[in-house]
Amino acid sequence: MGRAFVYVILGGGVAAGYAALEFTRRGVSEGELCIISEEPVAPYERPALSKGFLLPESPARLPSFHTCVGENDEKLTPKWYKEHGIELVLGTRVKSVDVRRKTLLSSTGETISYKFLIIATGARALKLEEFGVEGSDAENVCYLRDLSDANRLATAIQSSANGNAVVIGGGYIGMECAASLVINKINVTMVFPEAHCMARLFTPKIASLYEDYYRAKGVEFIKGTVLTSFEFDSNKKVTAVNLKDGNHLPADVVVVGIGIRPNTSLFEGQLTIEKGGIKVNSKMQSSDSSVYAIGDVATFPVKLFGEMRRLEHVDSARKSARHAVSAIMEPEKTGEFDYLPFFYSRVFAFSWQFYGDPVGEVVHFGEFEEGKTFGAYWIKKGHLVGSFLEGGSQEEYETISKATRLKPAVTDVEELGRVGLEYAETVVSQHVVPEVKDVPSSELVRQASRVVMMEKPLYVWHAATGVIVAASVAAFAFWYGRRRRRW
């Protein structure tokens, strides 16, 4: 017993919802598309789980954050899927996939076949047990990856008013959950092995400002160590955590955010795996031409940097989903996925955005104070490759995005720090081909105004050269023809 569809999306996260919307916009017919998800609800915006969902007053609840409200688009409720003839197979686990035969087998024994498969299985949260620590099943130990995790954490928060929370991990989940716990009037201690929070992205200077603000809100930081064990009461509820450095912390609730691992197990041995994810080309197509991968599970070529990347952020999930659907529905009209890596977060009164690659020499700019606009540029091999901005306007965020994509040359990093955001504004407003030569520091902004993407000048020169060559060939042909007639 089984069913057949033209298009099947495996996974019900953010990427699945955006892919479904793109399918409808490109004319998918009723009954052609199916979404299979282990979760019992239609796709939703996961960023809401660490923000609005945990608020003590008027918390966000479905259907308010179904996709695709994250980009002020249509809200795809279960009713919407039904109206568009899209089959939702929810609360269903797929236990095996046969890529060669284009079939999936569900845990209930149903076989579902496809012509095209989009893998949107995302990633799972890393568990403490994978690091030798037991106790993840305790009712007050919480992760945050899906709606069931969020419900569990919200319940733990409600029963821990004025109590103590220990947050394990200093990344996205740790920082955003710590802020939500503080808003819920819970005492928070953050524990992580790195020297500062958000170590994969923040510089020490950037991290220091946020950490100082968190401390002012009552958050304590214990760095350079890890959790080694829990202590439990008679009901197997965690009462304290023990750290490798000897610290013993009382805990009414524990939040664990120590990273994720892509859900690729169904496809190992069938598709090419690279950098932990399913390797795809610039059209999000895997090593099997009928299978595509999007979101956290996909390792794709980042054209701007000329290398394969697997990115863990909602923006990548949304845009890769749209691109994959376009490549499936209109392959001749779909170009390469030219994505600029983008990350953002909002905690307390802060709101920051990052574009590009956080590698190379760092140049800070602006006033590093609460309520002020400040940021940083990353310079590699003489070119801007990454930009961070806190407290900017929408226009300013768009400006640093455009400037980063241009990868302009930087000749004086000291002057760059002084002009700050003005540098990006100048690059974007006036961009022509830069001359590769040393210039005085006073010329930095004027030099920046002569920068564009490398592709454009090359095309211009190629076109001009082509015209010259063509004209020369035509002239020679005319001359040669006259000579032959005379012979």
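For the protein, the name recorded in an unreviewed UniProt entry is monodehydroascorbate reductase (NADH), with Raphanus sativus as its organism. We quote the UniProt Sequence similarities (unreviewed entry) comment for the protein here in full: "Belongs to the FAD-dependent oxidoreductase family." Among the UniProt annotations of the protein, the heading Catalytic activity (unreviewed entry) holds the following wording: "2 monodehydro-L-ascorbate radical + NADH + H(+) = 2 L-ascorbate + NAD(+)".

(A) Spotlight on the overall build of the protein. Each helix and strand in the protein was counted, giving 11 helices and 26 strands. In the protein, which comprises 487 residues, the proportion classed as buried is 51%. Pairs at least 24 apart in sequence give 61% of the contacts found in the protein among residues at least 6 apart. Accessible surface computed for the protein: about 22900 Å², of which carbon and sulfur atoms make up 50%.

(B) Looking closely at the sheet that holds strand β14 (residues 248–250). Within the open sheet, the 3 strands sit side by side as β12-β13-β14. Their pairing is antiparallel. The open sheet terminates on both sides in strands that have one partner only, identified here as β12 (227–232) and β14. Shown here is a sheet whose adjacent strand axes are inclined to one another by a mean of 25°, direction ignored. Where strand β13 (residues 238–243) meets β14, 3 bridges bridge the pair, whose relative direction is antiparallel.

(C) Summary view of the sheet that holds strand β11 (residues 220–223). Reading across from one edge, β8-β15-β9-β10-β11 is the order of the 5 strands in this open sheet, with parallel pairing throughout. Looking along the sheet, the strands with just one partner apiece sit at the ends: β8 (141–142) and β11. Here β8 pairs with strand β15 (residues 253–256) via 2 bridges, running parallel. Across the sheet, the residue bridging to Val141 is Val254, located in β15.

(D) Focus on the packing of helix α7 (residues 394–406) against helix α9 (residues 421–429). Two elements in contact, α7 and α9, have axes separated by 8 Å at closest approach and are oriented at 65°. Between α7 and α9, the angle is such that the two are roughly perpendicular. The interaxial crossing formed by α7 with α9 has left-handed handedness. Listed contacts from α9 to Glu396, Thr399, Ile400, Lys402, Ala403 and Leu406 of α7 are Leu421, Ala424, Glu425, Val427 and Val428. Here the residues of the contact of α7 with α9 sort into 7 nonpolar, 1 polar and 3 charged.

(E) Representation of the pattern of salt bridges within the structure. Within this structure, the stated rule accounts for 29 salt bridges. The partner of Arg101 in a salt bridge is Asp98, with the nearest N and O atoms 3.9 Å apart. Using a relative accessible area of 25% as the deciding quantity, one classes Asp98 as partly exposed. With a shortest N-O distance of 2.7 Å, Arg145 and Asp296 are connected by a salt bridge. One end of the pair, Arg145, is in the loop between β8 and α3 (147–158); the other, Asp296, is in the loop between β19 (291–293) and β20 (298–302), and 151 residues separate them in sequence. A relative accessible area of 23% means that Arg145 is categorised as partly exposed.

(F) The side chain of Arg318, seen in detail. Examined against the element boundaries, Arg318 turns out to sit in helix α6 (residues 314–329). For Arg318, the residues in contact, after removing those within four places along its chain, are Val14, Tyr18, Glu45, Gly70 and Glu71.

(G) Geometry of the pairing of strand β26 (residues 383–390). With 7 of its 8 residues buried, β26 lies for the most part within the structure. As paired elements, strand β23 (residues 350–356) and β26 share 5 bridges and run antiparallel to each other. Each bridged residue has a counterpart across the sheet, and for Gly356 the counterpart in β26 is Gly386. In the sheet, strand β25 (residues 374–380) pairs with β26 via 7 bridges, with the strands oriented antiparallel. In the sheet register, Ala376 faces β26, and the bridge partner there is Phe388. Counting the residues in the hairpin turn of β25 and β26 gives 2 residues, including Lys381, whose phi is positive at 50°.

So, how was this worked out
- Residues numbered from 1 in each chain as written.
- Predicted model: local features only at pLDDT ≥ 70, side-chain atom pairs only at ≥ 80, totals over all residues.
- Heavy atoms only, no water.
- UniProt positions renumbered as here; feature names shortened; annotations may be inferred.
- Helix = DSSP H or I, 4+ residues; strand = E, 2+ residues; numbered from the N terminus.
- Buried < 20%, exposed > 50% of the residue type's maximum accessible area, 1.4 Å probe, protein only.
- Contact = heavy atoms within 4.5 Å.
- Areas by Shrake-Rupley, 256 points an atom, 1.4 Å probe, with all protein chains shown as cover.
- Pairing = 2+ DSSP bridges.
- Axes fitted to C-alpha atoms, helices over the stretch in contact; angles between N-to-C directions.
- Parallel < 35°, antiparallel > 145°, perpendicular 65-115°, else oblique.
- Left-handed = near helix turned anticlockwise from the far one by under 90°.
- Nonpolar A, V, L, I, M, F, W, Y, C, P; charged D, E, K, R; others polar.
- Salt bridge = Lys/Arg side-chain N within 4 Å of Asp/Glu carboxyl O.

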